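# Structure assessment
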Amino acid sequence: MRLSLSKSLVPIAILTLSLLLRLLYFLDYPIFRLDELYECLWSYLISLGKLYPLTNTAPFIGALYNYLAALFYTLSPSITSFRLLPVITGSLTPFILYFLVRDVTKDRITALISSLILALMPPHILIASHVAWSASLTPLLFTLSLYLIWKAYRSGSKLYWVITGIVVGLAIQSHPSIIASYIGIVLASLYIFKLKVLKVAKSVAPWFITGFLIGYANMVIYNLSLIHIWRC
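Here's what I pulled together on the structure shown here.

Thresholds applied
Residues numbered from 1 in each chain as written. Predicted model: local features only at pLDDT ≥ 70, side-chain atom pairs only at ≥ 80, totals over all residues. Heavy atoms only, no water. Helix = DSSP H or I, 4+ residues; strand = E, 2+ residues; numbered from the N terminus. Contact = heavy atoms within 4.5 Å. Patch = residues over 30% accessible without salt bridge, like charges linked within 9 Å, V, L, I, M, F, W, Y side chains within 5 Å. Areas by Shrake-Rupley, 256 points an atom, 1.4 Å probe, with all protein chains shown as cover. Salt bridge = Lys/Arg side-chain N within 4 Å of Asp/Glu carboxyl O. Buried < 20%, exposed > 50% of the residue type's maximum accessible area, 1.4 Å probe, protein only. Expected span 1.5 Å × (residues − 1). Arc of directions from axis to C-beta. Polar contact = N/O pair within 3.5 Å; in protein donor to acceptor, adjacent residues only side chain to side chain. Lys, Arg positive; Asp, Glu negative; His and termini not counted. Charge placed at Lys NZ, Arg CZ, Asp CG, Glu CD. Phe/Tyr/Trp six-rings, centres within 6.5 Å; stacked < 30°, edge-to-face > 60°.

## Examining the environment of L120
Looking at the element boundaries, L120 is found in the loop between α5 (108–119) and α6 (122–128). The spacing of L120 and L27 is 93 residues in sequence and 19 Å in space, taken between C-alpha atoms. Apart from residues no more than four positions distant in its own chain, L120 is found in contact with L17, L21 and I125.

## Some words on a nonpolar patch on the surface
On the surface, a nonpolar cluster with roughly 530 Å² of combined accessible area is contributed by L24, Y25, Y29, L126 and I127. Structurally, Y29 can be placed in the loop between α1 (2–23) and α2 (34–47). Note on Y29: relative accessible area 51%, which makes it exposed.

## Here we look at α5
In an α-helix there are 3.6 residues to a turn, and that puts residues three or four apart on one side. With 12 residues, α5 extends 16 Å between its outermost C-alpha atoms, agreeing within 8% with the 16 Å of an ideal straight helix rising 1.5 Å per residue. Buried within α5 are the following residues: A111, S115, L118 and A119. One side of α5 holds all its buried residues, which, seen down the axis, span an arc of 100 degrees. The residue sitting at the N-terminus of α5 and contributing the capping side-chain oxygen is D107; that oxygen lies 3.0 Å from the backbone nitrogen of I109.

## Digging into a positive patch on the surface
A cluster of basic residues, K106, R154, K196 and K199, forms a positive patch at the surface. Assessed through its relative accessible area of 57%, R154 is described here as exposed.

## A short note on unusual backbone geometry
Each neighbour pair has its own omega, and for Y29 with P30 the value is -10 degrees, a cis peptide bond. Tracing the backbone through its elements, the reader meets P30 in the loop between α1 and α2. We note that Y25 has phi near 55 degrees; this positive angle belongs to a residue other than glycine. Assignment of secondary structure puts Y25 in the loop between α1 and α2. Note on Y25: relative accessible area 54%, which makes it exposed. Even without being glycine, K106 reaches a positive phi, approximately 60 degrees.

## Quick notes on the packing of aromatic side chains
Inspection of every chain in the model, using the stated rule, returns nine aromatic pairs. Arranged with centres 5.3 Å apart and planes meeting at 20 degrees, the rings of F212 and Y216 form a pair that is stacked. Note on F212: relative accessible area 21%, which makes it partly exposed. Classification of Y216 as buried rests on a relative accessible area of 16%. A network of ring pairs unites the aromatic residues Y44, Y73 and F82 as a single cluster.

## Focus: the pattern of salt bridges
Summed over all chains, the structure comprises three salt bridges. In this structure, R83 engages E36 in a salt bridge whose closest nitrogen and oxygen atoms are separated by 2.8 Å. In this pair, R83 sits in helix α4 (residues 79–105) while E36 sits in helix α2, placing the two residues 47 residues apart along the sequence. Residue D103 is joined to R102 by a salt bridge in which the shortest nitrogen-to-oxygen separation is 3.1 Å. Relative accessible area serves as the criterion here: at 22%, R102 is assigned to the partly exposed category.

This is the structure:
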């Protein structure tokens, strides 16, 4: 019983440490950037009901962050709310990483070391966990999607593959640069598991694509509207 309790306390301790480190000076460092403030302005307008965008201030980024930040601002109308969102998502990333590494490697020590490295990493604290912009959501969504991919693969659950697709769609709309990381994961999987990956991909593709279209729906609608305007 004590051993089980101690095991469950490890991820909680990681989450607590991550949160405490990211709360330090989160409004002071780094200073607010113009593009960061621009995204916050859009979120503010959404909270007032004056703007309902499909994309972020940059049209290749989805509006996921803007709506989440608007929700935070509605709950607590202060500039603090905009940066509190990345503080929370940044703190959750080492927490999710612990479970991902633990389940893949079956080694709690490796999982602990991996999550602690991320929890203590200065760039992740100062940028991905402090700057109030869409890209700050990307590390969490990418890590969560990898965890879900592993769970979906191990369980064979169609529902898991749909949820995985949704999170991948959200990750890409948070910042499309993460596509490069997904390509790397696919290539590494092909190298390790070879044709088995293609067999799995073929069987789960309908469920994954369905989820992806849900998670990326606003960007799909936006791009379809651009095609319609171009044709007209």
